[in-house]
Amino acid sequence: MKQNFEQSLKMLLHHEGGFVNLKADPGGMTNLGVTKKVYEEWVGHEVSEQEMRDLTPQSVAPIYKTNYWDRIRGDELPSGLDFAAFDWAVNSGTGRPAKVIQKYISAKQDGAIGPKTLALVAENDPANMVQYLYEQRQKFYERLPHFDTFGKGWTRRNQETLKAAMEMTNG
């Protein structure tokens, strides 16, 4: 829902945390969940470690809105499903939660939420879709080669996202 972006971003940034640059993390240098690569694409030039460290919630909000929320059509998804899809999109790409939603509603799984997908979403219970997204996200994580290293955190994030999304679907 359109009015949920700010709340969803706040919850997402809680999960994303601050500056990290772990060798084991395939995302590399990251701050507030934005990788150096994504930030460089956004600003159109290479950035230093200090520029990455200086990112603020206000400076990354437009990136999240354009690259993730708008691509999963967050303004048009039901409350709760919007946050669940958004959080997973940031963590694993926009196509993955879109395809899972499309699978649930028996739509063509092209990874792009459009008018046909939205029409079918409207015919389904948001809480059931949120639960399905949670289950599929967890299965996805458990298949990743880095699950032994990051699985505990991914699982906690997925559980927290489920809890918040379910609260949003109820009101």
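Presented here is a report on the structure given in the accompanying data block. Please read these numbers as outputs of a predicted model, since none were measured by experiment. (Residues numbered from 1 in each chain as written. Predicted model: local features only at pLDDT ≥ 70, side-chain atom pairs only at ≥ 80, totals over all residues. Heavy atoms only, no water.)

This part takes up helix H5 (residues 81–92). Compared with an ideal rise of 1.5 Å per residue, which puts twelve residues at 16 Å, H5 spans 16 Å between its outermost C-alpha atoms and is within 8% of the ideal. Of all twelve residues in H5, eleven are buried, a share of seventy percent or more. If you check which residues of H5 are buried, you get Leu81, Asp82, Phe83, Ala84, Ala85, Phe86, Asp87, Trp88, Ala89, Val90 and Ser92. As for H5, its buried residues are in contact with helix H1 (5–16), helix H4 (57–69), helix H6 (95–104), helix H7 (115–121), helix H8 (126–143) and helix H9 (147–169). With its phi angle positive at about 100°, Gly93 sits one or two positions after the end of H5. (Helix = DSSP H or I, 4+ residues; strand = E, 2+ residues; numbered from the N terminus. Expected span 1.5 Å × (residues − 1). Buried < 20%, exposed > 50% of the residue type's maximum accessible area, 1.4 Å probe, protein only. Contact = heavy atoms within 4.5 Å.)

Across the interface, H5 lies against H9 with an axial gap of 7 Å and an inter-helix angle of 155°. Looking at the two axes, H5 sits roughly antiparallel to H9. Residues Leu81, Asp82, Phe83, Ala84, Asp87, Val90 and Asn91 of H5 form the contact with H9, whose participating residues are Arg157, Thr161, Ala164, Ala165, Met168 and Thr169. Residues that form the contact of H5 with H9 fall into these classes: seven nonpolar, three polar and three charged. (Axes fitted to C-alpha atoms, helices over the stretch in contact; angles between N-to-C directions. Parallel < 35°, antiparallel > 145°, perpendicular 65-115°, else oblique. Nonpolar A, V, L, I, M, F, W, Y, C, P; charged D, E, K, R; others polar.)

As enumerated under the stated definition, the model contains eleven aromatic pairs in all. Considering the side-chain rings of Phe5 and Trp69, the 5.5 Å spacing of their centres and the 65° angle between planes classify their relative orientation as edge-to-face. Taken together, the positions of Phe5 in helix H1 and Trp69 in helix H4 put the pair 64 residues apart, joining distant regions of the chain. Looking at Phe5, the relative accessible area reads 6%, which means it is buried. Geometrically, the ring pair formed by Tyr64 and Tyr68 is tilted, given 5.8 Å between the ring centres and 45° between the ring planes. With Tyr64 and Tyr68 both in helix H4 and four residues apart, this pair spans about one turn of that helix. (Phe/Tyr/Trp six-rings, centres within 6.5 Å; stacked < 30°, edge-to-face > 60°.)

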